[in-house]
Structures are given as C-alpha cells and as structure tokens.
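Residue-level structure breakdown
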Amino acid sequence: MEQLHIVGGRRLHGQVRISGAKNAVLKLMAASLLVENECIIRNVPLIKDVLTMIEVLRNLGVELSWEEEAVLRIKPKKGLNYVAPDELVREMRASVQVMGPLLTKIGKVKLFQPGGCVIGQRPIDLHLKGFQALGAHVVEEHGYVYAEASKLKGVDIHLDFPSVGATENIMAAAILAEGTTVIKNAAKEPEIIEEQNFYNRLGARIRGAGTDTIRIEGVPALRSVPVDYTVIPDRIEAGTYILAAAITGGEITLLDVIPEHFEALTSKLKECGVQIQIDGDNMTVASSGKLKAIDVTILPYPGFPTDLQPQMTAVMSLADGTSLITENVFGGRFRYVDELVRMGANIRVEGRSAVVKGVKRLTGAAVIAPDLRAGAALVLAGLAAEGKTVIEGVHFIDRGYERIEEKLSSLGAEISLIN
Ligand code: EPZ
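Okay, so let's go over this structure. Just so you know, these numbers come straight off a predicted model, no measurement behind them. (Residues numbered from 1 in each chain as written. Predicted model: local features only at pLDDT ≥ 70, side-chain atom pairs only at ≥ 80, totals over all residues. Heavy atoms only, no water.)

A few words on the environment of Phe330. Here Phe330 lies in the loop between strand E18 (322–327) and helix H11 (337–342). Owing to a relative accessible area of 16%, Phe330 belongs among the buried residues under this scheme. Counting along the chain gives 23 residues from Phe330 to Asp307, while the straight-line C-alpha distance between them is 9.9 Å. (Helix = DSSP H or I, 4+ residues; strand = E, 2+ residues; numbered from the N terminus. Buried < 20%, exposed > 50% of the residue type's maximum accessible area, 1.4 Å probe, protein only.)

Now the structure itself:
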C-alpha cells in the first residue's frame, strides 16, 4: 500500500506550475460524447480520475488516446453503448456526468445509482428532476437509474440548490432539445463556463454560464468540426499550494493560474496576514508562518470552496486564536478532523461547523486520508508538523493531484512516495 512520508518543518520556496482543472477536464471528457467529429483536449492532468473517466468512455464506445503529455484525442465511435460500467461508476461519482450527453446523443442511459459517500450525501435527484422536466422518462429500480427520451423539449428549471453536477447534466441534455431551456439558480463555477464554451464550439447555443441563469437554445444538430480545447488551470490545486505556502511560512510563485478563480481564498488569507501578489497569470504567496485565526463560511462559488475546506482547517489549526469553519455544501466533510487531532490539533466538530483552536505546533503521526481533499489537508499538516508524518490512503490524493510529491519536493519539502 502506498504511503506518503513527510518530514515537516521546511519553509517551501520556489515556483510551481498548476495543472489543468480536474473538475473541468472530467466534464469536458463526458461532453465529448456529443462530438460529431473528433476533439483534442489540452492541459489534461495525469491523475487517477482522468484515467477512470477514460475507461468509462471507452466502455461507452469512445476512442481516446494520449497525443503527447497532457493532450487527449477523443473520438466517439458510431453506435455508442448506453450502459455505464458499474464498477467504474462506484469508483468515481463524476461518471454520472455522462448521463446528460448520452440522453442527448442516443436518447437513453443506464447507470448504477451512486450512493452516499465519504463527504456526505450526494443524491442525484436534481439531475433527474431536470431530465424529467425536459421530457425524459426516468426509472429508478434495482439500484440503477434509467432515463430515456425520444424527444426533449426546452423548459424553465429552477434548481433547489446550485448543484454543479445537476447544472452540467441538464445543460448537456438541453442542447438538442426543441426550444429554449432556462436553468435558474444554476451553479456558477468556472468549470461550468468551460463546458458552455466547449459545447458552443461544437455548435450548441448556450449563454449565461458563470451567472445563476443559463439559457440553452436547442439546436437541431451539432456541427461536424474538429475541436481543439485547452482547459483552465485547477483552482483547487492552486489553492492547496497557496495554503502550503501559508502553513509553512514560505514563499511560492504559482505559474499559469487565473487569480480571479480563487479570490474567496486569497481575500481570507490576506485577513490572516498572508501576502499575495499577482503578476498576470502568476501569483506569489508569502507568509511569515504567523497567521491570525479567522472564521470561514463554505458556500457554492463564488463563496469559499468546499474543496479547500479541509486544507484551510489544517492551516487554521496553527493560527493564533480560534476560528470557526462552517461547511454549507456537504454534510459529512469533517471526517479528517480526528487525524489532525492525532497530530496535535485542537478541533471540535459541532454539526456543520468545526471550532479550531490554534495550537503552537503539530507533531508528525501516522494518519489515514479518508478522501481526496482531506488527504491534501493531512499533507499540509505534515509539511508544518515537527517530525515525521506517514499518510495512508494515498490513492485518494492521486485522484486529484498530479505528481504532488514531485511538485512539493521541488519546492523544498522533504516528502517521498513509498510503495
Ligand atoms: C462537484 O461535485 C465537484 N466534483 C466536487 O469536487 C465539489 O466538491 C462539488 O461540485 C461542490 O463544489 C466534480 O466536479 C467532479 P454538487 P457535485 O452537485 O457536482 C447536493 C473534489 O474534491 N445535491 O454541487 O457532485 C449535494 O448533496 C470533488 O474535487 C443534491 O441534493 O456537487 C451536495 O450537498 C468532491 N441533489 C450539494 O448539492 C443533487 O441532485 C452540492 O453538490 C445534486 C446535489
């Protein structure tokens, strides 16, 4: 079993290049089911979730190949399969994002119903309600969800919550529908804008992504043109390295980022005493290591992202004072707290909030990552802790961080991957 071994206490210094955004790439790959010709996606990170999505798509009848590092060529074959493979859907929930594109392209899709997961309940009721509103027939039985539609019709849909996945799936399902679909209370994440742009390159007519109202004017068919698309940098990976600088009292320059995508984080860190300087696509983060505790409320974009909540909690565990971290997106995203406490943190979870009393030091320990972002939080804690930290559950971290041990080593961390 893989482990990450970290000897903490080093200030990180240097430059790090941020990879393409996992949560955009996975959706563009699913969106490629609608490609009539072929497409090239650039800036694709070599992470486990991308490899899983490649397998999901191959099973559905899509040809995928690496052209060169970070460049994927994708071409759907004629006659796609409508059943996504169970074991891959269990492995990666993002597999549900093939539903909208398949419903549009071949009028049916069947998928193992993804259950609850380690970060809390993650139903897909909003996705399914959207499909039904568009005229699809949806059946949930024997642990599967099956949707079919001979014809979809544009409609106004108001989401109860600005779900990222539901917004994306409904957007995809509406592309060839008759008439106009309006999604209200839509998710506003930058990854949704990526999808809008990608679909529009294929010939769709979508406007408004990035706001809470997205308008999809159905078109009779997509164009048969090759598409070449470069994915935005990963704002969550960027945020994690920013927090690595903050927690180690270091100075890191992030290359190739879009600073506007993580303003919720940088504005909070400025309050804590971290210095942030932006120079075009690069950003330098400098910290003395002495941070002031602040309260953080997790909200959908443009609020403070839930995918940086565990890492921020790790940083606050060494801040001066007490901070209250309130999670409003997922119900169960504090499972890593016991591991941080094992390293000497003083954190108490009360319902949706964690009360973090800053301590003077963390000490290295053997810990287990319960999920991807929690794993990143343990890495950050390990970088700042005295002595050695051994992290298990590395396969979670591999799902979303490209070569994390190499990138951190190049910044001066003492970290190694042990097989
Ligand atoms: C996406 O998940 C991301 N995953 C998550 O990143 C991210 O944490 C999340 O958005 C929120 O930003 C991918 O993009 C692959 P949601 P998604 O639908 O789409 C409730 C990471 O670490 N909900 O916005 O599944 C749900 O229970 C991952 O990279 C419903 O109630 O998130 C949750 O409380 C983890 N019914 C909230 O909405 C639904 O039908 C937000 O979920 C759908 C969602």
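One pass over the full model with this rule turns up five aromatic pairs. Ring geometry for Phe112 versus Tyr144: centroids 5.8 Å apart, planes at 80°, classification edge-to-face. Of this pair, Phe112 sits in strand E6 (residues 108–112) while Tyr144 sits in strand E8 (residues 144–148), and the two are 32 residues apart along the sequence. Owing to a relative accessible area of 17%, Phe112 belongs among the buried residues under this scheme. (Phe/Tyr/Trp six-rings, centres within 6.5 Å; stacked < 30°, edge-to-face > 60°.)

Let us look at the packing of helix H4 (residues 99–106) against helix H6 (residues 164–174). Two numbers describe how H4 lies on H6: the axes approach to 7 Å, and their chain directions differ by 10°. If you check the angle between H4 and H6, you find them roughly parallel. For the pair H4 and H6, contact is made by Met99, Gly100, Pro101 and Thr104 and by Asn169, Ala172, Ala173 and Ala174, respectively. Here the contact of H4 with H6 is built from residues that sort into five nonpolar, three polar and no charged. (Axes fitted to C-alpha atoms, helices over the stretch in contact; angles between N-to-C directions. Parallel < 35°, antiparallel > 145°, perpendicular 65-115°, else oblique. Contact = heavy atoms within 4.5 Å. Nonpolar A, V, L, I, M, F, W, Y, C, P; charged D, E, K, R; others polar.)

Around the ligand, 23 residues are found, and the nearest of them are Lys27, Asp125, Ser163, Asp307 and Val329. Within the backbone of Leu126, an N or O atom sits 2.8 Å from an oxygen atom of the ligand. One nitrogen or oxygen atom from the side chain of Arg373 is found 2.7 Å from an oxygen atom belonging to the ligand. Taking 830 Å² as the accessible area of the ligand by itself, protein coverage stands at 85%. Broken down by secondary-structure element, the contributors of at least two residues to the shell around the ligand are helix H1 (22–31), helix H5 (125–133), H6 and helix H12 (372–384). For the shell around the ligand, the residue count by class is 10 nonpolar, six polar and seven charged. (Near = heavy atom within 4 Å. Polar contact = N/O pair within 3.5 Å; in protein donor to acceptor, adjacent residues only side chain to side chain. Areas by Shrake-Rupley, 256 points an atom, 1.4 Å probe, with all protein chains shown as cover.)

This next bit is on the nonpolar core. Counting residues in each nonpolar core, the largest one holds 78 residues, and the members touching the most others are Met29, Leu57, Val98, Met171, Phe198, Tyr199 and Ile214. If you tally residues by element for this core, the top one is H1, at seven residues. Not counting residues up to four positions away in its chain, the partners in contact with Met171 are Ile183, Ile192, Glu195, Gln196, Tyr199, Ile206, Ala209, Ile214 and Ile216. Of all hydrophobic cores here, the second largest spans 73 residues; its members include Ala238, Met343, Val379 and Leu411. (Core = buried A, V, L, I, M, F, W, Y, C linked by side-chain atoms within 4.5 Å.)

Turning next to the side chain of Glu194. Position of Glu194 relative to the elements: it lies in helix H7 (residues 190–202). Of the side chains with opposite charge, Arg201 comes closest to the buried, unpaired Glu194, at an N-O distance of 8.9 Å. Side-chain polar atoms of Glu194 contact the side chain of Tyr229, separated by 3.1 Å. (Lys, Arg positive; Asp, Glu negative; His and termini not counted. Salt bridge = Lys/Arg side-chain N within 4 Å of Asp/Glu carboxyl O.)

Turning our attention to the side chain of Glu191. With respect to the helices and strands, Glu191 occurs in helix H7. Filtering out sequence-adjacent residues up to four positions away, Glu191 remains in contact with Asn23, Ala24, Glu168, Ile232 and Arg235.

So, on to the environment of Gly239. Looking at the element boundaries, Gly239 is found in helix H8 (residues 235–248). In this structure, the C-alpha to C-alpha distance between Gly239 and Pro305, residues 66 residues apart in sequence, is 9.7 Å. For Gly239, the residues in contact, after removing those within four places along its chain, are Leu265 and Leu308.

Let us now look at the sheet that holds strand E1 (residues 3–7). Spatially, four strands are ordered E21-E22-E1-E23 in an open sheet, and the strand pairing comes out mixed. On the outer flanks of this sheet lie strand E21 (366–368) and strand E23 (414–418), each paired with one strand and no other. When the angles between neighbouring strand axes are averaged without regard to direction, this sheet yields 20°. As judged from the four bridges shared by E1 and strand E22 (residues 388–392), these two strands associate in the antiparallel manner. Paired with Ile6 across the two strands is Thr389, which belongs to E22. Across the sheet, H12 touches E1, E21, E22 and E23, and the angle it forms with E1 is around 30°. (Pairing = 2+ DSSP bridges.)

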